[in-house]
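# Structure assessment
One letter stands for each residue in the lines below.
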Amino acid sequence: KTGYTTYDPGFGNTASCASAITFMDGEKGILRYRGIPIEDLAENATFIETAYLLINGHLPSPEELNRTRVLLNDFSMVHESMQIFFQNFPQGSHPMGILSGMIMALRSFYPDMGTEEDMNTHFLYLLSKVRTMAAMSYRLSRGEKVVYPRHDLSYCANFLNMMFDSPVHPYIVEEDLVRALNVFLILHADHEQNCSTSAVRVVGSSKAPLYASIAAGVSALWGPLHGGANQAVIEMLEKIHKEGATIDEVIRRAKDRKDPFRLMGFGHRVYKTYDPRAKIIKKMCDRILGKLKKEDPLLDIAKKLEEVALTDPYFVDHNLYPNVDFYSGIVLRAMRIPTNMFPVMFAIGRLPGWIAQWKESMEDPSQRISRPRQIYTGLPETRYHDIMDRK
Ligand code: SDX
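Residues numbered from 1 in each chain as written. Predicted model: local features only at pLDDT ≥ 70, side-chain atom pairs only at ≥ 80, totals over all residues. Heavy atoms only, no water.

What follows is about the overall build of the protein chain. What the protein chain contains, in helices and strands, is 17 helices and three strands. Expected size for 391 residues packed as a compact globule is a radius of gyration near 21 Å; at 22 Å, the protein chain falls within 12% of this value. Each principal axis of the C-alpha atoms in the protein chain carries an extent, and together these give about 75 × 60 × 50 Å. Going through the 391 residues of the protein chain one by one, you find that 51% of them count as buried. Within the protein chain, contacts between residues separated by at least 24 positions form 75% of all contacts whose residues are at least 6 apart in sequence. Carbon together with sulfur atoms contributes 55% to the accessible area of the protein chain, which is approximately 19,300 Å² in total. Taking the average location of the 46 positive side-chain charges in the protein chain and that of its 46 negative ones, the two points are 3 Å from each other. (Helix = DSSP H or I, 4+ residues; strand = E, 2+ residues; numbered from the N terminus. Rg over C-alpha atoms; globule rule 2.2 N^0.38 Å. Buried < 20%, exposed > 50% of the residue type's maximum accessible area, 1.4 Å probe, protein only. Contact = heavy atoms within 4.5 Å. Areas by Shrake-Rupley, 256 points an atom, 1.4 Å probe, with all protein chains shown as cover. Lys, Arg positive; Asp, Glu negative; His and termini not counted. Charge placed at Lys NZ, Arg CZ, Asp CG, Glu CD.)

The next thing to look at is the environment of Ala302. When you line up the elements, Ala302 lands in helix H14 (residues 297–309). With relative accessibility at 0%, the residue Ala302 sits in the buried group. Measuring from C-alpha to C-alpha, the distance between Ala302 and Leu237 comes to 7.1 Å, with 65 residues separating the pair along the chain. When near neighbours in sequence (up to four residues on either side) are disregarded, Ala302 contacts Leu237, Phe326 and Tyr327.

This part takes up the packing of helix H13 (residues 276–291) against H14. Two elements in contact, H13 and H14, have axes separated by 12 Å at closest approach and are oriented at 155°. Overall, the two elements H13 and H14 adopt an arrangement that is roughly antiparallel. Considering the relative orientation of H13 and H14, their crossing is left-handed. Counted together, Lys282, Cys285, Asp286 and Leu289 of H13 and Leu299, Lys303 and Glu306 of H14 form the full contact between these two elements. Split by residue class, the contact of H13 with H14 holds three nonpolar, no polar and four charged. (Axes fitted to C-alpha atoms, helices over the stretch in contact; angles between N-to-C directions. Parallel < 35°, antiparallel > 145°, perpendicular 65-115°, else oblique. Left-handed = near helix turned anticlockwise from the far one by under 90°. Nonpolar A, V, L, I, M, F, W, Y, C, P; charged D, E, K, R; others polar.)

This part takes up the pairing of strand E1 (residues 22–25). Of the strand pairs in this sheet, E1 and strand E2 (residues 30–33) are connected by four bridges, and their pairing is antiparallel. Residue Met24 lies in a different strand from E2, and its bridge partner there is Leu31. The antiparallel hairpin formed by E1 and E2 contains four residues in its connecting segment, where Gly29 sits at a positive phi of about 65°. (Pairing = 2+ DSSP bridges.)

Bringing the nonpolar core into the picture now. Counting residues in each nonpolar core, the largest one holds 124 residues, and the members touching the most others are Phe159, Leu237 and Leu305. Sort the elements by how many residues they give to this core and helix H6 (residues 116–141) lands first, with 13 residues. Leave out the neighbours within four places in its chain, and Leu305 touches Met236, Leu237, Ile240, Ile247, Val250, Ile251, Leu263 and Phe326. (Core = buried A, V, L, I, M, F, W, Y, C linked by side-chain atoms within 4.5 Å.)

One open sheet holds the three strands; their spatial order is E1-E2-E3, and the pairing between them is antiparallel. At either margin of the open sheet sits one strand with a lone partner, and together these are E1 and strand E3 (36–37). The pairing of E2 with E3 spans two bridges and is antiparallel. Bridge pairing in E3 places Arg32 opposite Pro37.

It is worth spelling out the pairing of E2 at this point. Burial of the side chains of E2 is restricted to one face: Leu31 and Tyr33 are buried, whereas none of Ile30 and Arg32 on the reverse face is. In sequence, E2 turns back onto E3 through a hairpin of two residues, with Arg34 there showing a positive phi of about 50°.

With that settled, consider the confidence of the model for the protein chain. Close inspection of predicted coordinates is inappropriate for parts of the model with low pLDDT. The predicted model of the protein chain has a mean per-residue pLDDT of 92, with 94% of residues at 70 or higher. This stretch, residues 1–15, has a pLDDT under 50; its non-local contacts, to residues over four places away or in other chains, come to 31 contacts. Listed scores for the predicted complex are pTM 0.94 and ipTM 0.97. (pLDDT = per-residue confidence, 0-100.)

This brings us to the packing of aromatic side chains. Aromatic ring pairs are defined here through the distance separating the ring centres and the angle between the ring planes. Under the definition given, this model contains ten aromatic pairs. Geometrically, the ring pair formed by Tyr138 and Phe164 is edge-to-face, given 6.0 Å between the ring centres and 70° between the ring planes. Of this pair, Tyr138 sits in helix H6 while Phe164 sits in helix H7 (residues 155–164), placing them 26 residues apart in sequence. In this pair, the class of Tyr138 matches that of Phe164, namely buried. Centre to centre, the rings of Phe164 and Tyr171 are 6.3 Å apart; their planes meet at 35°, and the pair counts as tilted. Comparing Phe164 with Tyr171 shows no difference in burial state: the two are buried. Here a set of aromatic residues connected by ring pairs shows up, and it is made of Phe266, Tyr314, Phe315, Phe326 and Tyr327. Directly above the aromatic system of Tyr155 lies the positively charged group of Arg131, at a separation of 4.5 Å from the ring centroid. A cation over an aromatic ring shows up here: Arg336 above the ring of Phe164, its NZ or CZ 4.3 Å from the ring centre. (Phe/Tyr/Trp six-rings, centres within 6.5 Å; stacked < 30°, edge-to-face > 60°. Lys NZ or Arg CZ within 6 Å of the ring centre and 35° of its normal.)

Attention now goes to empty space enclosed by the protein. If you walk through the whole model with that rule in mind, you get four cavities of 30 Å³ or more. Quantified by volume, the largest cavity comes out at close to 40 Å³. Lining the largest cavity are Phe86, Pro95, Ile98, Leu99, Met102, Met133, Ala134, Ser137, Met341 and Val344. Per-element accounting of the lining of the largest cavity gives the leading share, four residues, to helix H5 (residues 95–109). Across the lining of the largest cavity, the residue classes tally to nine nonpolar, one polar and no charged. (1 Å grid on protein atoms, 1.4 Å probe; cavity = no way out; pocket = protein on both sides within 12 Å on 5 of 7 lines; lining within 4 Å. Points joined across faces, edges and corners; volume = space filled by probe spheres on them.)

Here it is, written out as structure tokens:
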């Protein structure tokens, strides 16, 4: 197939695999999904169009988009007994732990994974139900009644309605926030062979079910060095705001190699320049706060941090620039999404990318089980000796 070479079965840290899904240039800060620049998609597409593009390799025709919307609506409800599952998680369980468990549970309700048609159905089940489950877990965690999806709302408007609608404060769909959520999810939709996508491919390579691979992706994304960074950035900015630490103090700590503190939302394994997604989200912060006539002191702190860091020799020498997580939390706060749900929002965005990457590896005829090797650095051959001979 054009652009494909064999998937590297070694899958070591240095190894990677060929893919036709996402192009990244870390030096120039370029990101394209199926050849389309991220800036173009953020400006013009919806998240569902982008999900379709990633999974199917082309933008949907009007008929394909309409059919996708109908099926996403059909699949948007979640089996009622799933609520009992939520309610049995201890109070205060992290939403990412709940989400990973719930995705595994989803498979038990929809086990048939036979035909090609089935597989496309499962892709849309996941896209639609993961969004519903995220809102459901938020409501149940607050002791509130679950709000069901509505047939007359778009994918993103439905999510916000399921999160915030209430009998005493009926949710009014705000198009600016719906657009901001579409853009947020588009920017997170895929990112080549990152940590969580690698987890999805590795688990998929053993022919475990799709749901097990996606649950593994959620688990990997949870870490503060990866998808959990958006939550860590806001906690860092809130701490600075509350403690009144100076920007210089924060930058000094971030450079202190003895101090485990890092400037969260800065640095990237691939981008050695400004993350193109961060540029878009930073502009979106100003736009959405302006439209809502809101101020957020954390945005001012973030901008000051960026200004100082980008001129600091340590950050310049280490090619440390803002990444997608540095400003994304500000947008989610404007939408009233709670901080501990930020990684879940990243997971909802990344879901079509994980599905597309899983699908591509399943369709690769040379695909083998991932089996990296290790370089042995332990003891030379020795003998067992009896407990009585041990000190
Ligand atoms: C995501 O891979 C992807 O594509 C991920 C992602 C996606 O869409 O899937 O883009 C999403 O995960 C974005 C990254 C979110 N994480 C954070 O913002 C956490 C803070 N960033 C760092 O932890 C770090 O920059 C990483 C994890 C993002 C990248 O780590 P690397 O490439 O392994 O870099 P490193 O840990 O080897 O650090 C290299 C040097 C070190 O200094 P020295 O020991 O060489 O002196 O840079 C320093 C690090 O101390 N450094 C930082 C830093 N990041 C790296 N110093 C201060 N603050 C930072 N944020």
